[in-house]
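Structure at a glance
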Amino acid sequence: MGKEKGVKEIEDLPGVGPTTAEKLRDAGYSTLEKIATSSPHELSELSGMSVDNAKKAVEAARQATTLEYTSASDVYSARKALGRITTGSKDLNELLGGGAEVKAITEAYGRFGSGKSQLGFQLSVNAQLPRDKGGLEGTVLFIDTEGTFRPERIESMAESAGLDPTAVLDNIFVIRAENTEQQILSIERADKLIREKNVRLIVVDSLMALFRSEFMGRGALGERQQKLNSHIHRLQSLADSHSLAVYITNQVMDNPAILFGDPTTPVGGNIIAHAATTRLYMRKSKEDKRIVRLVDSPNMPEGEAVIKITESGIKD
Ligand code: GTP
Ligand code: MG
């Protein structure tokens, strides 16, 4: 129901003072809807107001109670928004079809300083926002494999998002994984935490760093890919069974096979390429700008967004 001209209660209607309002209420005419559907004569009789005044009151009540229609497409976008976490940038949200999606793995790869971790921090804050602000009203499991988690960044981003920084920090459960065993276990054992704490986002920053340093050389590649495969499938299965979003960051290398154009390639090979639902390639631009390229997505066209990394977080 609409609220036109500040008419919210029957006292707000023209010609209806406290005494008339009381009489109307006593007679069961206590809402604007009830008045809007009454006849002026009826009202005049039971309240003692003139028929003319009653007409004006009914008319005002009608105007104040117009039904608001929501188009099916608005309902559709609202529904879609329920399953996504805003990135803080409209441009990037659009590129992604609304933000980082639940039941999916969103991967960001790029060189150092390209903003992969910053995006992870921003999503960790935004996952806690109310749903109508682009959040999931949930908590976050953050696996830090490089020792680069920065609570002070979370604090500034939370303040800028209008959230209580202490509460936001309390709702991010950080595991500092020092080796692949710990990284794998942190996901193997996440079920209980997810259920008890309403975890809606898992961040792994970064997915490959420990795997790369522990499994060196060609001989170790098979074992590495096997462990990686089961790790990432476990992430996908948590995403599916708990309707949560997974965000992973990934390192890059120069692919010697690419002679022309940008040789930057994410590491981890086909296993990650196949497992990641959505792949983003981030690169530095001028000053605080970063270019984010959508490389792979199940339902969005390839394209680019420009974001800014500012003191208060990721912005347009
Ligand atoms: P690696 O983990 O090294 O591969 O890089 P990354 O892609 O994770 O980089 P990260 O997300 O940590 O981005 C770091 C960059 O973010 C810095 O070089 C800064 O440009 C920017 N940044 C970080 N903190 C701030 C801040 O408080 N204010 C502003 N304006 N920029 C910041
Ligand atoms: Mg980083």
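Keep in mind it's a predicted model, so treat the numbers as computed, not measured. (Residues numbered from 1 in each chain as written. Chains lettered and ligands numbered in written order. Predicted model: local features only at pLDDT ≥ 70, side-chain atom pairs only at ≥ 80, totals over all residues. Heavy atoms only, no water.)

With that out of the way, let us pick up the domain arrangement of the chain. The domain boundaries assigned to the chain delineate domain 1 (10-64) and domain 2 (78-315). A C-alpha centroid distance of 58 Å is found between domain 1 and domain 2. (Domains from an automatic or database assignment.)

Every one of the 14 residues lining ligand 1 counts as a neighbour, but Gly-113, Lys-116, Ser-117, Gln-118 and Arg-153 are closest to it. Between ligand 1 and Gly-115 there is a distance of 3.0 Å, counted from an oxygen atom to a backbone nitrogen or oxygen. The separation between an oxygen atom of ligand 1 and a polar side-chain atom of Ser-117 is 2.8 Å. In isolation ligand 1 offers 660 Å² of accessible surface; the protein chains occlude 65% of this area. Sorting the residues of the shell around ligand 1 by element identifies helix H7 (116-126) and strand S12 (303-310) as the ones contributing at least two each. With three residues, the single largest contributor to the shell around ligand 1 is H7. (Near = heavy atom within 4 Å. Polar contact = N/O pair within 3.5 Å; in protein donor to acceptor, adjacent residues only side chain to side chain. Areas by Shrake-Rupley, 256 points an atom, 1.4 Å probe, with all protein chains shown as cover. Helix = DSSP H or I, 4+ residues; strand = E, 2+ residues; numbered from the N terminus.)

A complete count under the given rule lists five aromatic pairs for this structure. An angle of 90 degrees between the planes, with centres 5.7 Å apart, marks the rings of Phe-121 and Phe-149 as edge-to-face. One end of the pair, Phe-121, is in helix H7; the other, Phe-149, is in the loop between strand S4 (139-144) and helix H8 (151-160), and 28 residues separate them in sequence. With relative accessibility at 1%, the residue Phe-121 sits in the buried group. Residue classification places Phe-149 among the buried positions, given a relative accessible area of 13%. (Phe/Tyr/Trp six-rings, centres within 6.5 Å; stacked < 30°, edge-to-face > 60°. Buried < 20%, exposed > 50% of the residue type's maximum accessible area, 1.4 Å probe, protein only.)

All right, on to the environment of Lys-192 then. Looking at where Lys-192 falls in the secondary structure, it is placed in helix H11 (residues 191-197). Taking relative accessible area as the criterion, Lys-192 reaches 52% and is therefore assigned exposed. Expressed as a C-alpha distance, the spacing of Lys-192 and Glu-107, which sit 85 residues apart in the sequence, is 25 Å.

All told, the structure shown has 12 salt bridges when counted by the stated rule. With a closest N to O distance of 3.0 Å, Arg-293 and Glu-302 form a salt bridge. Residue Glu-302 is classed as exposed on the basis of its relative accessible area of 54%. Residues participating in the shared-partner salt-bridge network are Arg-283, Arg-293, Glu-302 and Glu-304. (Salt bridge = Lys/Arg side-chain N within 4 Å of Asp/Glu carboxyl O.)

Alternating positions in S12 separate cleanly, Gly-303, Ala-305, Ile-307 and Ile-309 being buried on one face and Glu-304, Val-306, Lys-308 and Thr-310 remaining unburied on the opposite face. Bridge count for strand S11 (residues 289-296) against S12 is six bridges, and the pairing is antiparallel. Looking across to S12, one finds that Val-292 is bridged to Ala-305. Hairpin geometry of S11 and S12 is characterised by an intervening segment of six residues between the two adjacent antiparallel strands. In terms of strand pairing, S12 meets strand S13 (residues 313-315) through three bridges, oriented antiparallel. Pairing of Lys-308 across the sheet is with Lys-315, part of S13. (Pairing = 2+ DSSP bridges.)

Before going further, it helps to spend a moment on the packing of helix H10 (residues 180-188) against helix H13 (residues 221-242). How two helices pack is summed up by the angle between their axes together with the distance between the axes. In contact at an axis separation of 10 Å, H10 and H13 are set at 25 degrees when each is read in the N-to-C sense. Taken together, the axes of H10 and H13 are roughly parallel relative to one another. Read as a crossing pair, H10 and H13 show a hand that is left-handed. Here Glu-181, Gln-183, Ile-184, Ile-187 and Glu-188 of H10 come into contact with H13, specifically with Lys-227, His-231, Arg-234, Leu-235 and Leu-238. Class assignment of the residues belonging to the contact of H10 with H13 gives a composition of four nonpolar, two polar and four charged. (Axes fitted to C-alpha atoms, helices over the stretch in contact; angles between N-to-C directions. Parallel < 35°, antiparallel > 145°, perpendicular 65-115°, else oblique. Left-handed = near helix turned anticlockwise from the far one by under 90°. Contact = heavy atoms within 4.5 Å. Nonpolar A, V, L, I, M, F, W, Y, C, P; charged D, E, K, R; others polar.)

It is worth spelling out helix H1 (residues 18-26) at this point. Among all positions in H1, only Thr-20, Ala-21 and Leu-24 are buried. Buried positions in H1, seen along its axis, are confined to an arc of 100 degrees and lie on one side of it. Exposed side of H1, more than 90 degrees from the buried face: Pro-18, Thr-19, Glu-22 and Asp-26 are the residues found there. Turning to H1, the residues buried within the fold contact helix H2 (32-36) and helix H3 (40-47). Positive backbone phi, at 90 degrees, marks Gly-28, one or two positions downstream of H1. (Arc of directions from axis to C-beta.)

Next up on the list: the nonpolar core. Grouped together as the largest cluster of nonpolar side chains are 34 residues, with contacts concentrated most on Leu-92, Leu-119 and Leu-201. Top element by residues in this core is H7. It accounts for four residues. Counting 29 residues, the second-largest nonpolar core is a separate cluster that includes Ala-177, Ile-187, Ala-190 and Leu-207. (Core = buried A, V, L, I, M, F, W, Y, C linked by side-chain atoms within 4.5 Å.)

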